[in-house]
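Now for the letters of each chain:
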Amino acid sequence: LNYGYEFVGDGKLVIAGHVPDFVDHKRREIIEFNGTYWHKDPGRDRSRARDYVANGYRCLIIYAPMVTRSNAKSIAKKVKKFRELRYSPICVATCS
């Protein structure tokens, strides 16, 4: 899967005090992978997404316990659909 997203989860990019996981600067899109350990509060996750939107980005939040070979295709489909739905600033997807 390579749609032009860069990993920035190491702190390379900070937006409104938040560090996103992946960003496509050209398309102004962010992808957040939220597992069950660090992201136990969906309300906080959506608040982060609203902060990204307020700063000119679209955001896809993917809830998945972990990325594995068995769910990689499902995740790729969610990302593809997000890129096609240009009218939606925040999308949420679940992959198990």
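Look up a bit, the structure's there.
Residues numbered from 1 in each chain as written. Predicted model: local features only at pLDDT ≥ 70, side-chain atom pairs only at ≥ 80, totals over all residues. Heavy atoms only, no water.

A.B. asks: Hey, could you run me through the pairing of strand β4 (residues 58-63) in this one?
C.D. replies: Counted residue by residue, β4 has six buried out of six residues, so it is predominantly covered. Burial along β4 is two-sided: the residues Arg58, Leu60 and Ile62 and Cys59, Ile61 and Tyr63 are all buried. Of the strand pairs in this sheet, β4 and strand β5 (residues 90-94) are connected by five bridges, and their pairing is parallel. Counterpart to leucine 60 in the pairing with β5 is cysteine 91. The parallel pair β4 and β5 is bridged by helix α2 (residues 69-84), and the resulting crossover is left-handed. (Buried < 20%, exposed > 50% of the residue type's maximum accessible area, 1.4 Å probe, protein only. Helix = DSSP H or I, 4+ residues; strand = E, 2+ residues; numbered from the N terminus. Pairing = 2+ DSSP bridges. Right-handed = clockwise from strand over helix to strand, strands pointing away.)

A.B. asks: Honestly, the environment of glutamate 32 in this entry has me stumped. Any pointers?
C.D. replies: With respect to the helices, strands and loops of the structure, glutamate 32 is situated in strand β3 (residues 29-34). Separated by 16 residues in the primary sequence, glutamate 32 and arginine 48 have C-alpha atoms spaced 9.7 Å apart. The contacts of glutamate 32, once residues within four sequence positions are left out, are Val19, Pro20, Asp21, Arg48, Tyr52, Cys59, Leu60, Ile61 and Ile62. Looking at glutamate 32, its side chain comes within polar contact range of the side chain of tyrosine 52, at 3.4 Å. (Contact = heavy atoms within 4.5 Å. Polar contact = N/O pair within 3.5 Å; in protein donor to acceptor, adjacent residues only side chain to side chain.)

A.B. asks: Would you explain the sheet that holds β4 in this entry?
C.D. replies: Each strand in a sheet pairs with another by means of backbone hydrogen bonds, the pair being arranged parallel or else antiparallel. On the basis of which strands lie adjacent, the open sheet formed by five strands has the order β1-β2-β3-β4-β5 and mixed pairing. Of all strands in the sheet, those with a lone pairing partner are β1 (6-7) and β5, marking the two edges. By the bridge criterion, two bridges tie β1 to strand β2 (residues 22-24) in an arrangement that is antiparallel. Considered in β2, the bridge of phenylalanine 7 is made with phenylalanine 22.

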